[in-house]
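Each chain, letter by letter, is given below.
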Amino acid sequence: MKNHAILLLICLLFANGLLGQGSYFLANEVLLYDFAYLSPAGDTVAKGEIVITPTNEKWEHDASQKRVMYEYIFAHRDAKYFTKGLHGRPIENEQMETTGYNEGDRFFWTHPFRANIFYITQVAPFPEYVKGNGKVKVKNTLVIDKGWGKFAGTSKSNYKMSAHSKELPGFEGHKLKKVDMRSKHPLGKSCLSMIVADEIGILKMDYKFFNKDRLFVSLVKKGDRRFR
């Protein structure tokens, strides 16, 4: 997925008044998120925690990206709901995965959670945002290879970023931004809405997938490895 470098350059061309403000992924920190996965009927079919451990090491599948580890801790997982995925492959009960991310003074981009029940994020917009002030509008294209089964094909996405005027409980005093992202894939449309703060990173993620499933992810805390 080397096209991300071009996409991020486009982001910078459209941004105004950009000022880099710290890093979201630091190699000496761990991020803890809560998540809830809902069916189209509104039932919570999975919930738990996601532990993110960034590194400064190169990702083995793409040396232009750094490696990050995602660990999944399930408090509930409906095995009947998560058997065969919409991509036509079985859903493996993986507890951890390693993938790649990129972060600079003015941008952040990462592969989403894609193992276990989170496989469906492959056809949703990938998390990214531009740091600093100014409104941003971006269009991206992602080519998904045949290894993803029925998900193979082209996913076209766009997003816009603007100031978020409401305060978020637990993050009062921080300057917040809202990133609204939409993607169009042959299987349907998916959306990702994020609340971010440059000095912290992604605070909230709200996914709406093409099959009407929902995924809510919220930052609980961020700190060194000892907080676990």
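Residues numbered from 1 in each chain as written. Predicted model: local features only at pLDDT ≥ 70, side-chain atom pairs only at ≥ 80, totals over all residues. Heavy atoms only, no water.

A. Focus on the overall build of the protein chain. Secondary structure assignment for the protein chain yields 1 helix and 12 strands. In the protein chain, the succession of helices and strands from N to C terminus is α-β-β-β-β-β-β-β-β-β-β-β-β. The burial tally for the protein chain puts 48% of its 228 residues in the buried class. In the protein chain, once contacts between residues fewer than 6 apart in sequence are set aside, the share between residues at least 24 apart is 59%. Accessible surface for the protein chain amounts to roughly 11,300 Å². Of this, 52% is attributable to carbon and sulfur atoms. (Helix = DSSP H or I, 4+ residues; strand = E, 2+ residues; numbered from the N terminus. Buried < 20%, exposed > 50% of the residue type's maximum accessible area, 1.4 Å probe, protein only. Contact = heavy atoms within 4.5 Å. Areas by Shrake-Rupley, 256 points an atom, 1.4 Å probe, with all protein chains shown as cover.)

B. Main features of the sheet that holds strand S6 (residues 128-130). Pairing is antiparallel in the open sheet, where 12 strands are placed in the order S6-S5-S4-S3-S2-S1-S12-S11-S10-S9-S8-S7. What marks the edges here is a single partner per strand, and that holds for S6 and strand S7 (136-144). Direction aside, the axes of adjacent strands within the sheet are offset by 20° on average. With 3 bridges joining them, strand S5 (residues 107-110) and S6 adopt antiparallel strand pairing. Looking at S6, one finds that Trp-109 is bridged to Glu-128. (Pairing = 2+ DSSP bridges. Axes fitted to C-alpha atoms, helices over the stretch in contact; angles between N-to-C directions.)

C. Region of the structure containing the environment of Ala-46. Turning to its location among the elements, Ala-46 is positioned in strand S2 (residues 44-59). Taking C-alpha positions, Ala-46 is 5.9 Å from Ala-36, a pair spaced 10 residues apart along the chain. Dropping the residues within four chain positions of it, Ala-46 is found in contact with Phe-35, Ala-36, Tyr-37, Phe-74, His-76, Arg-77, Phe-82 and Ile-117.

D. View of the environment of Tyr-119. With respect to the element layout, Tyr-119 can be found in the loop between S5 and S6. It is 7.9 Å that separates the C-alpha atoms of Tyr-119 and Ile-91, two residues lying 28 residues apart in sequence. Apart from the residues within four sequence positions on either side, Tyr-119 is in contact with Gly-85, Leu-86, His-87, Ile-91, Arg-114, Trp-148 and Phe-151.

E. Structural detail: the pattern of salt bridges. Applying the stated criterion across every chain yields a total of 6 salt bridges. A salt bridge links Glu-103 to Lys-131; the nearest nitrogen and oxygen atoms lie 2.7 Å apart. Linking Glu-103 in strand S4 (residues 96-103) with Lys-131 in the loop between S6 and S7, this pair joins segments that are 28 residues apart in sequence. Take Glu-103 and Lys-131: they sit in the same class, and that class is buried. A salt bridge links Lys-177 to Asp-198, with the shortest nitrogen-to-oxygen separation between them at 2.9 Å. Highlighted residues: Lys-177 in strand S9 (residues 177-185) and Asp-198 in the loop between strand S10 (188-197) and strand S11 (201-208), separated in sequence by 21 residues. Owing to a relative accessible area of 5%, Asp-198 belongs among the buried residues under this scheme. (Salt bridge = Lys/Arg side-chain N within 4 Å of Asp/Glu carboxyl O.)

F. Layout of the packing of aromatic side chains. For the coordinates displayed, the defined rule picks out 19 aromatic pairs. Their ring planes at 85° and their centres at 5.7 Å tell us that Phe-35 and Phe-74 sit as a pair that is edge-to-face. Of this pair, Phe-35 sits in strand S1 (residues 30-38) while Phe-74 is found in strand S3 (residues 62-77), placing the two residues 39 residues apart along the sequence. When its relative accessible area of 21% is taken as the criterion, Phe-74 is described as partly exposed. Members of the aromatic cluster, each reached through a chain of ring pairs, are Phe-35, Tyr-70, Tyr-72, Phe-74, Phe-113 and Phe-118. Between Arg-89 and the ring centre of Trp-148, over which it is positioned, the NZ or CZ distance is 5.8 Å. (Phe/Tyr/Trp six-rings, centres within 6.5 Å; stacked < 30°, edge-to-face > 60°. Lys NZ or Arg CZ within 6 Å of the ring centre and 35° of its normal.)

G. Representation of unusual backbone geometry in the model. At Asn-116, a position not held by glycine, the phi torsion is positive, near 55°. With respect to the helices and strands, the residue Asn-116 is situated in the loop between S5 and S6. Even without glycine at this site, Lys-212 takes up a positive phi of about 80°. Of note, Lys-212 is situated in the loop between S11 and strand S12 (214-223). Overall, Lys-212 belongs to the exposed group, its relative accessible area being 59%.

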